[in-house]
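Working through the structure, step by step
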Amino acid sequence: AEAFVGAAVGARDRGRLHRAVVLCSGWGAAICVVLALAFTLGGPKLIDVMATNVEVRDAARIYLPWMIAAPLVGVASWMLDGIFIGATRTREMRNMMTLSTIVYFGVVAILMPLWGNHGLWAALMVFFVARAVSLGFYYPRLAAIKD
């Protein structure tokens with residue numbers, strides 16, 4: 001996404017930017033669905049390959065649903081990161097990362113005492129959503145290239 005968006009922004013070509021965003025986002029979403037499916041189907045086997053200790057395996061299986069959800073929940077934030085990097089919009093990225101991090105720590109403070117490690121995972125998912133929403137808020141400004 002970075003290269004395609006950077007080339008489109010550098011050329012001041014709004015149509016090219018739109019095509020790059022749609023194409024890269026489509027591929028990103030497809031890859032994240034495949035990852036989630038792979039974690040769903042192969043996660044237990046992967047855990048067994050990575051850990052020999054039974055307690056570690058059992059603990060990893062408890063949190064496997066979060067690992068399955070992560071690519072599905074995180075794809076929009078990751079794609080927008082690439083789009084903003086390619087457009088060299090670092091100020092917006094920094095500001096929205098700061099806001100998203102504040103949201104994350106607020107959610108951690110609330111959910112970890114209630115849900116333990118599940119609260120930490122839930123906060124990570126909220127962070128991904130906050131990142132996507134906050135960068136999405138700025139995207140129309142980025143896309144408003146003046147030809």
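Read on for an overview of the structure. (Residues numbered from 1 in each chain as written. Predicted model: local features only at pLDDT ≥ 70, side-chain atom pairs only at ≥ 80, totals over all residues. Heavy atoms only, no water.)

It is worth spelling out the pattern of salt bridges at this point. Any two side chains of opposite charge can pair, on the condition that their charged atoms come close. Counting across every chain of the model gives four salt bridges. With a closest N to O distance of 2.7 Å, arginine 61 and aspartate 48 form a salt bridge. With arginine 61 in helix H3 (residues 54-86) and aspartate 48 in helix H2 (residues 14-50), the pair connects residues that are 13 residues apart, well separated along the chain. Since its relative accessible area comes to 31%, arginine 61 is described here as partly exposed. Measuring nitrogen to oxygen at the nearest pair gives 2.7 Å for the salt bridge that ties arginine 131 to aspartate 81. (Salt bridge = Lys/Arg side-chain N within 4 Å of Asp/Glu carboxyl O. Helix = DSSP H or I, 4+ residues; strand = E, 2+ residues; numbered from the N terminus. Buried < 20%, exposed > 50% of the residue type's maximum accessible area, 1.4 Å probe, protein only.)

What follows is about helix H5 (residues 117-143). Here H5 contains 27 residues, and its C-alpha end-to-end distance of 39 Å stays within 8% of the 39 Å for a straight helix at 1.5 Å per residue. In H5, a bend of some 35° at phenylalanine 137 exceeds every other bend along the element, and proline 140, a proline, comes one to four places later. (Expected span 1.5 Å × (residues − 1). Bend = angle between axes of the 7 residues up to and from the residue.)

Within the structure shown, the criterion is met by five aromatic pairs. For the pair phenylalanine 127 and phenylalanine 128, a centre-to-centre distance of 6.2 Å together with 55° between the ring planes defines the contact as tilted. Its relative accessible area of 15% is what places phenylalanine 127 among the buried residues. Taken together, the ring pairs in this structure connect Trp78, Tyr104, Phe105, Phe127 and Phe128 into an aromatic cluster. (Phe/Tyr/Trp six-rings, centres within 6.5 Å; stacked < 30°, edge-to-face > 60°.)

This next bit is on the packing of helix H1 (residues 2-10) against H3. Where H1 meets H3, the axes come as close as 7 Å, and the angle between the chain directions of the two elements is 40°. Of the possible angle classes, the one that applies to H1 and H3 is oblique. In the crossing of H1 with H3, the sense of the turn from one axis to the other is right-handed. Residue-level inspection shows Glu2, Val5 and Gly6 of H1 in contact with H3, the latter providing Gly82, Ile83, Ile85 and Gly86. A class-by-class count of the residues in the contact of H1 with H3 yields three nonpolar, three polar and one charged. (Axes fitted to C-alpha atoms, helices over the stretch in contact; angles between N-to-C directions. Parallel < 35°, antiparallel > 145°, perpendicular 65-115°, else oblique. Left-handed = near helix turned anticlockwise from the far one by under 90°. Contact = heavy atoms within 4.5 Å. Nonpolar A, V, L, I, M, F, W, Y, C, P; charged D, E, K, R; others polar.)

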